[in-house]
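# Structural description and commentary
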Amino acid sequence: MTVLVVGASGAVGGGVVSGLLARGERVRATSRTPDKLALPADVEVCAADLNDPGSFAGPLEGIDRVFLYADLAEPEALLATVAAAGVRHVVVLSSAAASLPGAPEDFNGSRFLRVEAAVEESGVPHTFLRPGGFASNAARWSWGVRDESAVPLPYPDAVQVPIHEQDIADVAVIALTTDTLIGAAPVLTGPERLTLREQVAVIGDAVGRPVQVIEQTEAECAAMLARYVPEVWVRQIIKDWREAVGASPAVSAEYTRITGRPSRTFRAWVADNIALFR
Ligand SMILES: NC(=O)c1ccc[n+]([C@@H]2O[C@H](COP(=O)([O-])OP(=O)(O)OC[C@H]3O[C@@H](n4cnc5c(N)ncnc54)[C@H](OP(=O)(O)O)[C@@H]3O)[C@@H](O)[C@H]2O)c1
């Protein structure tokens with residue numbers, strides 16, 4: 001069996017490649033810039049762009065299973081290519097946003113629902129991984145922690161259940177190497193609810209000095225985020241935080257049910273990525 005991993009340079013995709021290799025699977029990996037990939041020599045590397053479905057015709061030859069990011073403008077065309085290649089299982093990195101009430105009207109929820117619908121219509125057996133907010137979103141705070149020992153936030157009391165990207169990769173590997181998750185759409189979260197303020201405090205503990213939260217207005221936050229995030233995402237991030245103040249988001253037991261292990265804590269994610277904050 002050969003598994004095609006789309007987005008092998010990604011945080012989740014990279015974990016999927018390592019997990020598959022550890023299980024002795026044959027892996028072919030794609031990237032838009034394959035020369036930049038640093039993977040073991042036994043991984044076959046190809047160039048492909050999700051927004052150019054034709055670029056997958058070659059990489060899909062002889063492939064049984066596919067791991068796919070959902071960042072694609074024309075999911076129907078890409079999934080037609082995947083189905084035509086005879087793939088027998090596709091595992092999609094979707095989002096918990098697709099499972100929330102109001103998802104069809106929400107910018108973020110609706111884009112994942114469209115990809116999921118295209119997969120369903122393609123007839124290819126599938127698994128949708130629906131993670132909530134990633135612990136790695138805290139990487140956006142790295143410059144503030146390093147340079148100012150401070151993180152500006154408009155809604156520091158927003159509650160999240162941040163998930164380590166390796167947990168998502170672990171579930172993807174099980175989905176890609178067994179038939180147990182065909183037809184499943186597990187919502188995946190971390191093990192504990194944490195406010196943004198509590199996440200900043202965990203980072204402070206890990207670097208060994210207090211990191212202050214500086215309250216900012218939405219407008220100040222929007223101007224700051226707009227330096228490195230597209231406008232539509234600036235609005236979405238602020239909306240998600242605003243709505244998460246005082247919320248009690250579900251803590252999913254799916255990771256433990258599927259893998260038999262406890263999910264990784266936010267503290268573990270910070271320890272694994274401490275170089276970002278020092
Ligand atoms: N952040 C969150 O809280 C959150 C929550 C739920 C879901 N998600 C979803 O999770 C994904 C991010 O995961 P991550 O952190 O692992 O991402 P990441 O580290 O930023 O990597 C993204 C990967 O996607 C590949 N990619 C992006 N556009 C592509 C295209 N047009 N064609 C081919 N490959 C493409 C990139 O490959 P190359 O650059 O090498 O081509 C890269 O390997 C996004 O789809 C996001 O919507 C995020």
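Not measured: the values here are computed from a predicted model.

At Ser149, a position not held by glycine, the phi torsion is positive, near 50°. When you line up the elements, Ser149 lands in the loop between helix H4 (142-148) and strand S7 (150-153). With relative accessibility at 21%, the residue Ser149 sits in the partly exposed group.

Inspection of the entire model under this criterion finds 17 salt bridges. In this structure, Arg65 engages Asp179 in a salt bridge whose closest nitrogen and oxygen atoms are separated by 2.9 Å. With Arg65 in strand S4 (residues 65-69) and Asp179 in the loop between helix H5 (165-177) and strand S9 (187-188), the pair connects residues that are 114 residues apart, well separated along the chain. In this structure, the salt-bridge partner of Arg197 is Asp157, at a minimum N-O distance of 3.1 Å. Taken together, the positions of Arg197 in helix H6 (residues 196-207) and Asp157 in the loop between S7 and strand S8 (159-160) put the pair 40 residues apart, joining distant regions of the chain. By relative accessible area, Arg197 is classed as partly exposed at 32%.

Domain boundaries in the protein define domain 1 (2-131) and domain 2 (136-160 + 191-249 + 264-276). Relative placement of domain 1 and domain 2: their C-alpha centres are 28 Å apart. The interface is formed by 4 residues belonging to domain 1 together with 4 residues belonging to domain 2. At the boundary of domain 1 with domain 2, total buried surface from both sides reaches about 370 Å², with 60% on carbon and sulfur atoms. Looking at the side of domain 1 facing domain 2, the largest losses of area belong to Asp106, Phe107 and Asn108, adding up to 86% of the total buried there.

Counting 53 residues, the largest nonpolar core has Val5, Val16, Val66, Phe67 and Leu68 as its most contacted members. The element that contributes the greatest number of residues to this core is H5, accounting for 8 residues. If sequence neighbours within four positions are ignored, Val16 has contacts with Val5, Phe67, Ala169, Ala172, Val173 and Leu176. Counting residues in hydrophobic clusters, the runner-up holds 28 residues, among them Val200, Cys221, Phe266 and Ile274.

Our next topic: the side chain of Ser31. Position of Ser31 relative to the elements: it lies in strand S2 (residues 26-31). Separated by 2.9 Å, the side chain of Ser31 and the backbone nitrogen of Thr33 make a polar contact. Not counting chain neighbours up to four residues away, the residues in contact with Ser31 comprise Leu37, Cys46, Ala47 and Ala48.

Reading the values: the criteria
- Residues numbered from 1 in each chain as written.
- Predicted model: local features only at pLDDT ≥ 70, side-chain atom pairs only at ≥ 80, totals over all residues.
- Heavy atoms only, no water.
- Helix = DSSP H or I, 4+ residues; strand = E, 2+ residues; numbered from the N terminus.
- Buried < 20%, exposed > 50% of the residue type's maximum accessible area, 1.4 Å probe, protein only.
- Salt bridge = Lys/Arg side-chain N within 4 Å of Asp/Glu carboxyl O.
- Domains from an automatic or database assignment.
- Contact = heavy atoms within 4.5 Å.
- Buried area = accessible area lost by both parts, 1.4 Å probe.
- Core = buried A, V, L, I, M, F, W, Y, C linked by side-chain atoms within 4.5 Å.
- Polar contact = N/O pair within 3.5 Å; in protein donor to acceptor, adjacent residues only side chain to side chain.

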